[in-house]
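A closer look at the structure
Listed below are the residues making up each chain.
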Amino acid sequence: PKSQQSFMDHFFGARPLMDCKMWTNTTDSNFSYPESSLVELMNKDDIGISLSGGGLRSACLSLGWLRALHKLGILAKAKYISSISGGSWTHVPMTYHPSKQPLDEFLGPYVPPERCTVREVEKSVSSGHGKVLADNNFIPKLLLEGFENISPTLLHLREVDYWSETVGNAYLAPHGFNIDGSSLPALDGDHADRIRGITSSWIDTIYTARPLNEHPYPIVNGSVLVGSNRGCLPVEFTPMYHGIIPYYEDSRRGLGGCLIEPHGFTSKPDSYDLNKQLVHEGSSDDKGRCVDLRIPQPNFAVTMHEMAGISSSYLAQSYGDKLDNTSYELANFPVLPTFNHRGPGDSLVTKEKFVDGGGCDNSGILALLRRRCKFVIACYAMNSSVEPSILPIEDANLHSWGTLAGLFGRQKSTKRVDMVKNESYNEQRKVFASEAWDELIAALRSKRAAGKPLVHRMTLDVLPNPLIAVPGDHKVVVVFCISGECKDWSDALPKDTKALLIKDNATEASEFDEKKMQSGLMKCNLNKFPCFPVGRLFYSKLTAGMLSQLATYQIMETAKEFEFIHVE
(Lines give C-alpha, C1' and ligand atoms only; values in the text may rest on other atoms or scores of the structure.)
Protein backbone atom coordinates (compact mmCIF):
# COMPACT_ATOMS: atom_id res chain seq x y z
CA PRO A 1 0.00 0.00 0.00
CA LYS A 2 1.03 3.61 -0.53
CA SER A 3 2.33 5.37 2.54
CA GLN A 4 -0.71 7.62 2.99
CA GLN A 5 -3.02 4.63 3.31
CA SER A 6 -3.34 2.93 6.67
CA PHE A 7 -2.28 -0.70 6.71
CA MET A 8 -5.64 -1.90 8.09
CA ASP A 9 -7.70 0.10 5.59
CA HIS A 10 -5.67 -1.19 2.68
CA PHE A 11 -5.80 -4.89 3.49
CA PHE A 12 -9.11 -5.21 5.36
CA GLY A 13 -11.25 -2.23 4.32
CA ALA A 14 -13.92 -2.24 1.64
CA ARG A 15 -12.31 -2.16 -1.79
CA PRO A 16 -13.30 0.75 -4.05
CA LEU A 17 -14.30 -0.05 -7.62
CA MET A 18 -12.11 0.89 -10.57
CA ASP A 19 -12.27 0.84 -14.37
CA CYS A 20 -10.50 -1.99 -16.16
CA LYS A 21 -10.45 -3.37 -19.70
CA MET A 22 -10.70 -7.07 -20.48
CA TRP A 23 -10.30 -8.95 -23.78
CA THR A 24 -11.98 -12.28 -24.44
CA ASN A 25 -11.99 -14.74 -27.36
CA THR A 26 -8.22 -15.25 -26.98
CA THR A 27 -8.49 -18.87 -28.08
CA ASP A 28 -9.85 -17.95 -31.52
CA SER A 29 -7.32 -18.59 -34.26
CA ASN A 30 -7.60 -15.04 -35.61
CA PHE A 31 -7.66 -13.26 -32.24
CA SER A 32 -6.22 -9.76 -32.59
CA TYR A 33 -3.97 -8.76 -29.69
CA PRO A 34 -4.68 -5.35 -28.13
CA GLU A 35 -1.34 -3.87 -29.18
CA SER A 36 -1.90 -4.74 -32.85
CA SER A 37 -3.83 -1.49 -33.35
CA LEU A 38 -0.95 0.70 -32.13
CA VAL A 39 0.34 2.83 -35.00
CA GLU A 40 3.92 2.55 -33.76
CA LEU A 41 3.76 -1.25 -34.12
CA MET A 42 1.77 -1.34 -37.35
CA ASN A 43 4.60 0.53 -39.08
CA LYS A 44 7.32 -1.87 -37.85
CA ASP A 45 8.85 -4.93 -39.46
CA ASP A 46 7.27 -8.22 -38.43
CA ILE A 47 10.29 -9.36 -36.41
CA GLY A 48 10.24 -11.03 -33.00
CA ILE A 49 13.19 -11.61 -30.65
CA SER A 50 13.11 -14.37 -28.02
CA LEU A 51 15.43 -14.74 -25.03
CA SER A 52 15.42 -18.18 -23.44
CA GLY A 53 15.63 -19.29 -19.84
CA GLY A 54 18.85 -20.39 -18.22
CA GLY A 55 19.36 -18.36 -15.05
CA LEU A 56 22.35 -16.06 -14.85
CA ARG A 57 23.90 -17.81 -17.86
CA SER A 58 20.98 -16.60 -19.98
CA ALA A 59 20.99 -13.11 -18.45
CA CYS A 60 24.65 -12.61 -19.44
CA LEU A 61 24.24 -14.13 -22.90
CA SER A 62 21.07 -12.08 -23.48
CA LEU A 63 23.03 -8.93 -22.69
CA GLY A 64 25.47 -9.85 -25.47
CA TRP A 65 22.83 -10.88 -27.99
CA LEU A 66 20.85 -7.67 -27.43
CA ARG A 67 24.05 -5.62 -27.73
CA ALA A 68 24.67 -7.11 -31.18
CA LEU A 69 21.06 -6.69 -32.32
CA HIS A 70 21.18 -3.06 -31.16
CA LYS A 71 24.43 -2.46 -33.04
CA LEU A 72 22.94 -3.93 -36.22
CA GLY A 73 19.80 -1.78 -35.89
CA ILE A 74 17.53 -4.83 -35.56
CA LEU A 75 16.42 -4.23 -31.97
CA ALA A 76 14.82 -0.90 -32.88
CA LYS A 77 13.10 -2.41 -35.95
CA ALA A 78 11.69 -5.48 -34.18
CA LYS A 79 8.00 -5.57 -33.31
CA TYR A 80 8.20 -7.91 -30.29
CA ILE A 81 10.67 -9.10 -27.68
CA SER A 82 9.73 -12.14 -25.57
CA SER A 83 11.70 -13.45 -22.60
CA ILE A 84 11.71 -16.40 -20.24
CA SER A 85 13.33 -16.84 -16.82
CA GLY A 86 16.96 -15.64 -16.81
CA GLY A 87 16.39 -13.83 -20.09
CA SER A 88 13.89 -11.65 -18.23
CA TRP A 89 16.62 -10.59 -15.77
CA THR A 90 18.09 -8.55 -18.64
CA HIS A 91 14.94 -7.85 -20.66
CA VAL A 92 12.86 -6.27 -17.85
CA PRO A 93 15.42 -3.70 -16.62
CA MET A 94 16.38 -2.83 -20.20
CA THR A 95 12.82 -2.23 -21.39
CA TYR A 96 11.37 -0.57 -18.28
CA HIS A 97 14.52 1.24 -17.09
CA PRO A 98 13.39 4.04 -14.70
CA SER A 99 15.63 6.69 -16.27
CA LYS A 100 15.66 5.15 -19.76
CA GLN A 101 19.44 4.78 -19.67
CA PRO A 102 20.72 4.96 -23.27
CA LEU A 103 21.03 1.45 -24.67
CA ASP A 104 24.71 1.89 -25.52
CA GLU A 105 25.35 2.48 -21.80
CA PHE A 106 22.97 -0.21 -20.53
CA LEU A 107 24.28 -2.91 -22.89
CA GLY A 108 27.95 -1.92 -22.61
CA PRO A 109 30.72 -2.13 -25.24
CA TYR A 110 31.53 -4.92 -27.65
CA VAL A 111 35.09 -6.20 -27.38
CA PRO A 112 36.22 -8.29 -30.40
CA PRO A 113 37.92 -11.56 -29.38
CA GLU A 114 41.45 -10.45 -30.28
CA ARG A 115 41.08 -7.58 -27.77
CA CYS A 116 39.51 -9.70 -25.00
CA THR A 117 42.32 -9.51 -22.49
CA VAL A 118 41.28 -10.26 -18.93
CA ARG A 119 41.48 -6.53 -18.17
CA GLU A 120 39.34 -5.51 -21.17
CA VAL A 121 36.70 -8.19 -20.52
CA GLU A 122 36.37 -7.16 -16.90
CA LYS A 123 36.24 -3.50 -17.94
CA SER A 124 33.34 -4.28 -20.31
CA VAL A 125 31.16 -5.18 -17.31
CA SER A 126 32.28 -2.29 -15.11
CA SER A 127 29.15 -0.27 -15.96
CA GLY A 128 25.60 -0.70 -17.22
CA HIS A 129 23.77 -3.99 -16.77
CA GLY A 130 27.02 -5.94 -17.04
CA LYS A 131 28.08 -4.45 -13.74
CA VAL A 132 24.78 -5.58 -12.19
CA LEU A 133 25.22 -9.16 -13.41
CA ALA A 134 28.88 -9.52 -12.45
CA ASP A 135 29.97 -10.03 -8.83
CA ASN A 136 26.31 -10.17 -7.71
CA ASN A 137 25.89 -13.05 -5.26
CA PHE A 138 22.27 -14.17 -5.60
CA ILE A 139 22.17 -17.01 -3.04
CA PRO A 140 22.83 -15.01 0.18
CA LYS A 141 20.22 -12.47 -0.96
CA LEU A 142 17.74 -15.32 -1.49
CA LEU A 143 18.37 -16.78 1.97
CA LEU A 144 18.02 -13.37 3.60
CA GLU A 145 14.73 -12.63 1.80
CA GLY A 146 13.40 -16.06 2.77
CA PHE A 147 14.19 -15.41 6.44
CA GLU A 148 12.67 -11.90 6.39
CA ASN A 149 9.47 -13.14 4.75
CA ILE A 150 8.68 -15.89 7.29
CA SER A 151 6.41 -13.81 9.53
CA PRO A 152 4.49 -11.95 6.79
CA THR A 153 3.92 -15.24 4.96
CA LEU A 154 2.50 -17.00 8.03
CA LEU A 155 0.17 -14.05 8.61
CA HIS A 156 -0.79 -13.91 4.89
CA LEU A 157 0.02 -10.18 4.90
CA ARG A 158 2.56 -10.10 2.09
CA GLU A 159 1.89 -11.57 -1.32
CA VAL A 160 5.16 -10.91 -3.19
CA ASP A 161 7.24 -14.07 -2.93
CA TYR A 162 10.81 -14.01 -1.67
CA TRP A 163 12.27 -15.29 -4.95
CA SER A 164 10.82 -12.26 -6.75
CA GLU A 165 12.09 -9.95 -3.99
CA THR A 166 15.57 -11.40 -4.49
CA VAL A 167 15.43 -11.03 -8.27
CA GLY A 168 14.32 -7.44 -7.79
CA ASN A 169 17.06 -6.59 -5.33
CA ALA A 170 19.73 -8.32 -7.42
CA TYR A 171 18.91 -7.20 -10.96
CA LEU A 172 16.41 -4.31 -10.85
CA ALA A 173 17.14 -2.23 -7.74
CA PRO A 174 20.69 -1.31 -8.92
CA HIS A 175 19.04 0.45 -11.88
CA GLY A 176 16.80 2.53 -9.61
CA PHE A 177 13.64 0.39 -9.48
CA ASN A 178 11.69 0.85 -6.23
CA ILE A 179 11.56 -2.72 -4.91
CA ASP A 180 9.88 -1.78 -1.63
CA GLY A 181 6.90 -0.09 -3.28
CA SER A 182 4.04 -1.15 -5.54
CA SER A 183 4.48 -0.77 -9.28
CA LEU A 184 2.86 -1.48 -12.64
CA PRO A 185 4.03 -1.49 -16.29
CA ALA A 186 2.53 0.79 -18.93
CA LEU A 187 3.20 2.29 -22.34
CA ASP A 188 4.61 5.81 -22.41
CA GLY A 189 2.24 8.74 -23.00
CA ASP A 190 -1.57 8.63 -22.82
CA HIS A 191 -1.67 5.00 -21.72
CA ALA A 192 0.54 5.64 -18.69
CA ASP A 193 -1.45 8.78 -17.82
CA ARG A 194 -4.68 6.77 -17.84
CA ILE A 195 -3.24 4.03 -15.60
CA ARG A 196 -1.86 6.63 -13.17
CA GLY A 197 -5.29 8.23 -12.98
CA ILE A 198 -6.94 4.90 -12.09
CA THR A 199 -4.29 3.65 -9.65
CA SER A 200 -2.89 6.81 -8.02
CA SER A 201 -4.29 5.90 -4.58
CA TRP A 202 -2.58 2.52 -4.30
CA ILE A 203 0.31 2.23 -6.79
CA ASP A 204 3.61 3.96 -6.03
CA THR A 205 5.28 3.85 -9.44
CA ILE A 206 4.31 3.31 -13.08
CA TYR A 207 7.27 2.07 -15.11
CA THR A 208 6.85 2.82 -18.80
CA ALA A 209 8.34 0.73 -21.59
CA ARG A 210 10.76 2.36 -23.99
CA PRO A 211 8.99 4.11 -26.90
CA LEU A 212 7.73 1.58 -29.43
CA ASN A 213 9.07 3.51 -32.40
CA GLU A 214 12.57 2.61 -31.19
CA HIS A 215 12.02 -0.55 -29.15
CA PRO A 216 9.97 -3.79 -29.44
CA TYR A 217 6.72 -4.43 -27.57
CA PRO A 218 7.74 -6.42 -24.45
CA ILE A 219 6.34 -9.80 -23.40
CA VAL A 220 7.54 -11.43 -20.16
CA ASN A 221 6.49 -15.07 -19.92
CA GLY A 222 5.57 -17.11 -16.86
CA SER A 223 3.51 -20.24 -16.27
CA VAL A 224 0.51 -21.28 -14.21
CA LEU A 225 0.64 -24.75 -12.74
CA VAL A 226 -2.31 -26.88 -13.78
CA GLY A 227 -1.28 -30.24 -12.39
CA SER A 228 -2.12 -33.82 -13.44
CA ASN A 229 -0.56 -34.53 -16.83
CA ARG A 230 -1.28 -31.07 -18.25
CA GLY A 231 1.72 -29.49 -16.56
CA CYS A 232 1.56 -25.72 -17.03
CA LEU A 233 -0.27 -23.07 -19.02
CA PRO A 234 1.53 -20.02 -20.42
CA VAL A 235 0.89 -16.63 -18.81
CA GLU A 236 2.05 -13.39 -20.41
CA PHE A 237 2.88 -10.09 -18.71
CA THR A 238 2.90 -7.01 -20.96
CA PRO A 239 2.39 -3.26 -20.42
CA MET A 240 -1.17 -3.37 -21.78
CA TYR A 241 -2.42 -6.65 -20.29
CA HIS A 242 -1.62 -9.83 -18.38
CA GLY A 243 -3.29 -13.17 -18.88
CA ILE A 244 -3.45 -16.88 -19.64
CA ILE A 245 -4.23 -17.07 -23.35
CA PRO A 246 -5.22 -20.74 -23.88
CA TYR A 247 -8.35 -22.00 -22.16
CA TYR A 248 -8.14 -25.18 -20.07
CA GLU A 249 -10.85 -26.91 -18.06
CA ASP A 250 -10.78 -29.80 -15.61
CA SER A 251 -13.13 -31.10 -12.92
CA ARG A 252 -12.18 -28.26 -10.52
CA ARG A 253 -12.13 -25.10 -12.64
CA GLY A 254 -11.63 -23.46 -15.99
CA LEU A 255 -8.46 -21.44 -16.58
CA GLY A 256 -7.45 -18.74 -19.03
CA GLY A 257 -9.19 -17.60 -22.17
CA CYS A 258 -8.84 -13.86 -21.55
CA LEU A 259 -6.51 -10.91 -21.04
CA ILE A 260 -6.97 -8.13 -18.49
CA GLU A 261 -5.18 -4.86 -17.82
CA PRO A 262 -2.29 -5.21 -15.33
CA HIS A 263 -3.97 -3.17 -12.59
CA GLY A 264 -6.94 -5.54 -12.62
CA PHE A 265 -5.05 -8.81 -12.88
CA THR A 266 -5.06 -9.48 -9.12
CA SER A 267 -8.54 -8.14 -8.38
CA LYS A 268 -10.69 -10.53 -6.33
CA PRO A 269 -14.42 -9.82 -6.76
CA ASP A 270 -16.54 -11.77 -4.26
CA SER A 271 -18.68 -13.00 -7.13
CA TYR A 272 -17.46 -12.35 -10.61
CA ASP A 273 -20.15 -12.29 -13.25
CA LEU A 274 -19.03 -10.57 -16.45
CA ASN A 275 -22.55 -9.38 -17.18
CA LYS A 276 -22.85 -7.71 -13.75
CA GLN A 277 -19.42 -6.06 -13.94
CA LEU A 278 -19.84 -4.99 -17.57
CA VAL A 279 -19.91 -1.23 -18.15
CA HIS A 280 -19.40 -1.11 -21.89
CA GLU A 281 -18.90 -3.77 -24.53
CA GLY A 282 -16.70 -2.99 -27.48
CA SER A 283 -16.12 -4.99 -30.63
CA SER A 284 -17.61 -8.47 -30.47
CA ASP A 285 -16.26 -10.00 -33.67
CA ASP A 286 -14.10 -13.09 -33.67
CA LYS A 287 -10.92 -11.03 -33.50
CA GLY A 288 -11.46 -10.40 -29.81
CA ARG A 289 -14.13 -8.79 -27.66
CA CYS A 290 -13.04 -5.85 -25.51
CA VAL A 291 -15.20 -5.08 -22.47
CA ASP A 292 -14.98 -2.30 -19.89
CA LEU A 293 -15.41 -3.54 -16.33
CA ARG A 294 -15.90 -2.01 -12.88
CA ILE A 295 -14.10 -4.32 -10.47
CA PRO A 296 -12.70 -4.02 -6.92
CA GLN A 297 -9.29 -2.42 -6.51
CA PRO A 298 -6.80 -5.20 -5.61
CA ASN A 299 -4.79 -5.31 -2.38
CA PHE A 300 -1.62 -5.62 -4.45
CA ALA A 301 -0.33 -5.64 -8.01
CA VAL A 302 2.11 -7.85 -9.89
CA THR A 303 5.13 -5.56 -9.54
CA MET A 304 7.97 -5.21 -12.00
CA HIS A 305 10.21 -7.43 -9.90
CA GLU A 306 7.46 -10.03 -9.55
CA MET A 307 7.09 -10.14 -13.35
CA ALA A 308 10.80 -10.95 -13.60
CA GLY A 309 10.59 -13.22 -10.54
CA ILE A 310 7.64 -15.32 -11.69
CA SER A 311 9.22 -15.64 -15.13
CA SER A 312 12.27 -17.23 -13.46
CA SER A 313 10.76 -19.02 -10.44
CA TYR A 314 12.30 -22.42 -11.14
CA LEU A 315 12.35 -23.21 -7.42
CA ALA A 316 8.56 -22.86 -7.28
CA GLN A 317 8.24 -24.99 -10.41
CA SER A 318 10.34 -27.73 -8.80
CA TYR A 319 7.98 -28.06 -5.82
CA GLY A 320 4.73 -26.88 -7.35
CA ASP A 321 3.07 -30.24 -7.96
CA LYS A 322 4.20 -31.57 -4.56
CA LEU A 323 2.42 -28.93 -2.43
CA ASP A 324 -1.20 -27.92 -2.02
CA ASN A 325 -2.08 -24.22 -2.34
CA THR A 326 -1.81 -23.54 1.40
CA SER A 327 1.59 -25.21 1.74
CA TYR A 328 2.74 -23.49 -1.46
CA GLU A 329 1.80 -20.10 0.02
CA LEU A 330 3.45 -20.92 3.36
CA ALA A 331 6.61 -21.74 1.42
CA ASN A 332 6.25 -18.17 0.08
CA PHE A 333 5.84 -19.22 -3.54
CA PRO A 334 3.59 -17.04 -5.76
CA VAL A 335 -0.14 -17.78 -5.53
CA LEU A 336 -2.21 -15.16 -7.35
CA PRO A 337 -5.84 -14.67 -8.37
CA THR A 338 -6.42 -15.03 -12.11
CA PHE A 339 -9.29 -13.98 -14.37
CA ASN A 340 -10.69 -16.79 -16.51
CA HIS A 341 -13.32 -16.62 -19.23
CA ARG A 342 -14.96 -19.53 -21.02
CA GLY A 343 -17.68 -17.67 -22.84
CA PRO A 344 -20.31 -14.91 -22.57
CA GLY A 345 -21.55 -14.59 -18.98
CA ASP A 346 -19.35 -17.48 -17.85
CA SER A 347 -16.31 -16.07 -16.04
CA LEU A 348 -14.65 -16.62 -12.69
CA VAL A 349 -11.60 -15.76 -10.61
CA THR A 350 -9.45 -18.54 -9.16
CA LYS A 351 -6.24 -18.58 -7.11
CA GLU A 352 -3.44 -20.37 -8.93
CA LYS A 353 0.21 -21.33 -8.46
CA PHE A 354 2.58 -19.33 -10.66
CA VAL A 355 5.90 -20.85 -11.73
CA ASP A 356 8.84 -20.36 -14.07
CA GLY A 357 7.99 -19.52 -17.68
CA GLY A 358 10.10 -22.50 -18.68
CA GLY A 359 7.36 -24.72 -17.29
CA CYS A 360 5.55 -24.21 -20.58
CA ASP A 361 8.10 -22.74 -22.99
CA ASN A 362 11.78 -22.34 -22.13
CA SER A 363 12.51 -20.67 -25.46
CA GLY A 364 10.23 -17.62 -25.48
CA ILE A 365 9.34 -18.46 -29.09
CA LEU A 366 5.69 -19.43 -28.56
CA ALA A 367 4.54 -15.90 -27.66
CA LEU A 368 5.92 -14.72 -31.02
CA LEU A 369 4.22 -17.52 -32.94
CA ARG A 370 0.89 -16.68 -31.29
CA ARG A 371 1.24 -13.24 -32.88
CA ARG A 372 2.17 -14.74 -36.26
CA CYS A 373 5.60 -13.11 -36.47
CA LYS A 374 7.11 -13.78 -39.88
CA PHE A 375 10.72 -13.53 -38.67
CA VAL A 376 12.02 -14.76 -35.32
CA ILE A 377 15.47 -14.43 -33.78
CA ALA A 378 15.55 -17.28 -31.25
CA CYS A 379 18.36 -16.77 -28.73
CA TYR A 380 18.84 -19.92 -26.66
CA ALA A 381 21.19 -20.28 -23.67
CA MET A 382 22.12 -23.95 -23.61
CA ASN A 383 23.42 -25.84 -20.57
CA SER A 384 25.30 -28.47 -22.57
CA SER A 385 27.16 -28.94 -25.84
CA VAL A 386 25.46 -29.75 -29.13
CA GLU A 387 27.63 -32.89 -28.95
CA PRO A 388 26.67 -34.36 -25.52
CA SER A 389 29.00 -37.08 -24.32
CA ILE A 390 26.43 -39.49 -22.86
CA LEU A 391 22.75 -38.80 -23.50
CA PRO A 392 20.86 -38.28 -26.77
CA ILE A 393 20.60 -34.55 -27.36
CA GLU A 394 16.79 -34.69 -27.22
CA ASP A 395 16.82 -36.15 -23.70
CA ALA A 396 15.22 -33.71 -21.27
CA ASN A 397 17.97 -34.45 -18.74
CA LEU A 398 19.91 -32.09 -21.01
CA HIS A 399 17.14 -29.66 -20.10
CA SER A 400 17.76 -26.86 -22.58
CA TRP A 401 18.05 -29.16 -25.60
CA GLY A 402 15.12 -31.28 -24.43
CA THR A 403 12.81 -28.28 -24.20
CA LEU A 404 13.88 -27.03 -27.62
CA ALA A 405 13.33 -30.52 -29.05
CA GLY A 406 9.78 -30.41 -27.66
CA LEU A 407 8.91 -27.60 -30.10
CA PHE A 408 9.55 -30.16 -32.85
CA GLY A 409 7.79 -32.99 -30.96
CA ARG A 410 11.14 -34.72 -30.47
CA GLN A 411 11.79 -34.64 -26.71
CA LYS A 412 12.77 -38.22 -25.77
CA SER A 413 12.98 -38.53 -22.00
CA THR A 414 11.18 -41.49 -20.45
CA LYS A 415 10.78 -39.46 -17.25
CA ARG A 416 8.25 -36.75 -16.45
CA VAL A 417 9.45 -33.37 -17.72
CA ASP A 418 8.01 -30.19 -16.18
CA MET A 419 5.44 -32.49 -14.51
CA VAL A 420 4.32 -33.94 -17.88
CA LYS A 421 4.87 -37.39 -19.40
CA ASN A 422 6.93 -37.56 -22.57
CA GLU A 423 4.08 -38.12 -25.06
CA SER A 424 1.97 -35.35 -23.58
CA TYR A 425 4.97 -33.02 -23.39
CA ASN A 426 5.55 -33.28 -27.13
CA GLU A 427 1.84 -32.96 -27.86
CA GLN A 428 1.59 -29.81 -25.72
CA ARG A 429 4.70 -28.12 -27.19
CA LYS A 430 4.94 -29.15 -30.84
CA VAL A 431 4.73 -26.26 -33.33
CA PHE A 432 7.27 -27.35 -35.98
CA ALA A 433 7.53 -30.47 -38.16
CA SER A 434 9.55 -33.26 -36.52
CA GLU A 435 11.92 -33.73 -39.46
CA ALA A 436 13.06 -30.09 -39.23
CA TRP A 437 14.76 -30.97 -35.94
CA ASP A 438 17.23 -33.24 -37.75
CA GLU A 439 18.13 -30.40 -40.12
CA LEU A 440 18.72 -27.99 -37.24
CA ILE A 441 20.91 -30.34 -35.22
CA ALA A 442 22.93 -31.43 -38.28
CA ALA A 443 23.57 -27.78 -39.19
CA LEU A 444 24.62 -26.84 -35.65
CA ARG A 445 26.97 -29.81 -35.36
CA SER A 446 28.53 -28.96 -38.70
CA LYS A 447 29.13 -25.37 -37.59
CA ARG A 448 30.63 -26.52 -34.28
CA ALA A 449 33.00 -28.88 -36.10
CA ALA A 450 34.09 -25.98 -38.32
CA GLY A 451 34.64 -23.74 -35.29
CA LYS A 452 31.87 -21.35 -36.34
CA PRO A 453 29.11 -19.66 -34.27
CA LEU A 454 26.05 -21.84 -33.69
CA VAL A 455 23.70 -19.71 -35.77
CA HIS A 456 21.36 -21.32 -38.29
CA ARG A 457 18.55 -19.83 -40.36
CA MET A 458 15.63 -21.91 -41.57
CA THR A 459 12.10 -21.45 -42.91
CA LEU A 460 9.53 -23.46 -40.96
CA ASP A 461 5.84 -24.21 -41.24
CA VAL A 462 4.09 -23.30 -37.98
CA LEU A 463 1.67 -26.07 -36.97
CA PRO A 464 -1.57 -25.21 -35.17
CA ASN A 465 -1.51 -26.13 -31.48
CA PRO A 466 -4.63 -24.98 -29.59
CA LEU A 467 -3.24 -26.39 -26.31
CA ILE A 468 -0.82 -23.44 -26.21
CA ALA A 469 -2.92 -21.03 -28.33
CA VAL A 470 -0.63 -21.09 -31.37
CA PRO A 471 -2.90 -20.60 -34.44
CA GLY A 472 -0.33 -21.91 -36.92
CA ASP A 473 -0.87 -22.34 -40.65
CA HIS A 474 1.80 -19.80 -41.59
CA LYS A 475 5.50 -19.81 -42.38
CA VAL A 476 8.19 -18.26 -40.23
CA VAL A 477 11.87 -17.60 -40.87
CA VAL A 478 13.73 -18.49 -37.67
CA VAL A 479 17.36 -17.70 -36.96
CA PHE A 480 18.40 -19.98 -34.12
CA CYS A 481 21.24 -18.38 -32.18
CA ILE A 482 22.51 -21.06 -29.81
CA SER A 483 25.13 -20.58 -27.12
CA GLY A 484 28.00 -23.03 -27.37
CA GLU A 485 31.67 -23.56 -28.07
CA CYS A 486 33.10 -21.47 -30.91
CA LYS A 487 36.69 -22.33 -31.82
CA ASP A 488 37.14 -19.31 -34.11
CA TRP A 489 36.36 -17.02 -31.18
CA SER A 490 38.44 -18.85 -28.56
CA ASP A 491 41.42 -19.20 -30.94
CA ALA A 492 41.43 -15.43 -31.44
CA LEU A 493 41.59 -14.65 -27.71
CA PRO A 494 44.77 -13.05 -26.26
CA LYS A 495 47.19 -15.37 -24.49
CA ASP A 496 46.19 -14.49 -20.90
CA THR A 497 42.49 -15.08 -21.47
CA LYS A 498 43.03 -18.23 -23.51
CA ALA A 499 45.29 -19.64 -20.81
CA LEU A 500 42.63 -19.14 -18.14
CA LEU A 501 39.97 -20.73 -20.34
CA ILE A 502 42.18 -23.77 -20.95
CA LYS A 503 43.22 -24.03 -17.30
CA ASP A 504 39.65 -23.90 -15.93
CA ASN A 505 38.47 -26.51 -18.42
CA ALA A 506 41.46 -28.85 -18.13
CA THR A 507 39.69 -30.89 -15.46
CA GLU A 508 36.10 -31.31 -14.38
CA ALA A 509 35.15 -29.21 -11.36
CA SER A 510 35.21 -31.36 -8.23
CA GLU A 511 31.88 -32.18 -6.62
CA PHE A 512 32.92 -30.02 -3.67
CA ASP A 513 33.76 -27.01 -5.87
CA GLU A 514 30.54 -27.42 -7.84
CA LYS A 515 28.54 -27.34 -4.60
CA LYS A 516 30.43 -24.23 -3.52
CA MET A 517 29.69 -22.52 -6.85
CA GLN A 518 25.99 -23.43 -6.62
CA SER A 519 25.72 -22.27 -3.00
CA GLY A 520 27.31 -18.88 -3.59
CA LEU A 521 30.43 -19.70 -1.56
CA MET A 522 32.64 -19.57 -4.65
CA LYS A 523 32.46 -17.51 -7.84
CA CYS A 524 31.75 -19.43 -11.02
CA ASN A 525 34.99 -19.73 -12.98
CA LEU A 526 35.29 -20.65 -16.67
CA ASN A 527 34.87 -24.39 -16.08
CA LYS A 528 32.25 -25.69 -18.58
CA PHE A 529 32.25 -22.34 -20.42
CA PRO A 530 29.86 -21.32 -21.92
CA CYS A 531 27.39 -24.05 -20.85
CA PHE A 532 27.33 -23.44 -17.10
CA PRO A 533 24.84 -25.32 -14.88
CA VAL A 534 21.80 -23.20 -14.09
CA GLY A 535 22.49 -23.52 -10.36
CA ARG A 536 25.59 -21.33 -10.62
CA LEU A 537 24.35 -17.84 -9.71
CA PHE A 538 27.54 -16.04 -8.68
CA TYR A 539 29.73 -14.99 -11.63
CA SER A 540 33.04 -13.17 -11.58
CA LYS A 541 33.48 -10.13 -13.82
CA LEU A 542 35.53 -12.26 -16.20
CA THR A 543 32.88 -14.99 -16.41
CA ALA A 544 29.99 -12.57 -16.99
CA GLY A 545 32.00 -10.55 -19.49
CA MET A 546 33.17 -13.58 -21.47
CA LEU A 547 29.62 -14.85 -21.88
CA SER A 548 28.24 -11.54 -23.13
CA GLN A 549 31.17 -10.94 -25.50
CA LEU A 550 30.86 -14.42 -27.03
CA ALA A 551 27.13 -13.84 -27.58
CA THR A 552 27.76 -10.52 -29.33
CA TYR A 553 30.44 -12.12 -31.51
CA GLN A 554 28.01 -14.87 -32.59
CA ILE A 555 25.59 -12.40 -34.12
CA MET A 556 28.13 -9.87 -35.45
CA GLU A 557 30.00 -12.64 -37.29
CA THR A 558 26.81 -14.00 -38.88
CA ALA A 559 25.09 -10.67 -39.60
CA LYS A 560 23.94 -11.81 -43.05
CA GLU A 561 21.70 -14.42 -41.42
CA PHE A 562 19.76 -11.57 -39.79
CA GLU A 563 18.93 -9.64 -42.94
CA PHE A 564 15.15 -9.93 -42.65
CA ILE A 565 14.05 -6.94 -44.64
CA HIS A 566 13.01 -7.64 -48.25
CA VAL A 567 12.88 -11.39 -47.56
CA GLU A 568 9.77 -12.89 -49.16
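The structure under discussion appears in the preceding block.
So, here is what we can say about the structure in this document. From a predicted model like this one, the values you see are computed outputs, not experimental measurements.

Cut-offs applied
Residues numbered from 1 in each chain as written. Predicted model: local features only at pLDDT ≥ 70, side-chain atom pairs only at ≥ 80, totals over all residues. Heavy atoms only, no water. Helix = DSSP H or I, 4+ residues; strand = E, 2+ residues; numbered from the N terminus. Buried < 20%, exposed > 50% of the residue type's maximum accessible area, 1.4 Å probe, protein only. Areas by Shrake-Rupley, 256 points an atom, 1.4 Å probe, with all protein chains shown as cover. Salt bridge = Lys/Arg side-chain N within 4 Å of Asp/Glu carboxyl O. Pairing = 2+ DSSP bridges. Right-handed = clockwise from strand over helix to strand, strands pointing away. Polar contact = N/O pair within 3.5 Å; in protein donor to acceptor, adjacent residues only side chain to side chain.

From N to C terminus, the chain includes 24 helices and 18 strands. Residue burial in the chain is summarised as follows: out of 568 residues, 62% are buried. Surface exposure of the chain reaches about 21000 Å², of which carbon and sulfur atoms provide 52%.

On to unusual backbone geometry, then. In this model, F529 is joined to P530 through a cis peptide bond whose omega is 0 degrees. As for its position among the elements, P530 is in the loop between α23 (511-518) and α24 (541-557). Although it is not a glycine, K100 adopts a positive phi angle of roughly 50 degrees. Residue K100 is classed as partly exposed on the basis of its relative accessible area of 27%. Although it is not a glycine, D135 sits at a positive phi angle of roughly 60 degrees.

Another point: the pattern of salt bridges. Inspection of every chain in the model, using the stated rule, returns 19 salt bridges. Notably, a salt bridge pairs K21 with D292, separated by 3.0 Å at the nearest N-O pair. Of the two residues, K21 is situated in strand β1 (residues 17-24) and D292 in strand β13 (residues 289-296); the sequence distance between them amounts to 271 residues. Note that K487 and D491 form a salt bridge whose closest N and O atoms lie 2.7 Å from each other. Of this pair, K487 and D491 both sit in helix α21 (residues 487-491), four residues apart, which is roughly one turn of the helix.

Below, the discussion takes up the pairing of strand β5 (residues 205-208). Here strand β4 (residues 183-186) pairs with β5 via four bridges, running parallel. When the bridges of β5 are listed, L184 appears paired with I206. Remark: the β4/helix α12 (residues 190-199)/β5 crossover connection has right-handed handedness.

Across eight bridges, the pairing between β1 and β13 is antiparallel. In the sheet register, T24 faces β13, and the bridge partner there is R289. Relative to strand β11 (residues 259-260), β1 is paired through two bridges, and the arrangement is antiparallel. Bridged to W23 within β11 is L259.

Take the side chain of Q554 next. Mapped onto the secondary structure, Q554 falls in helix α24. Separated by 3.0 Å, the side chains of Q554 and W65 make a polar contact.

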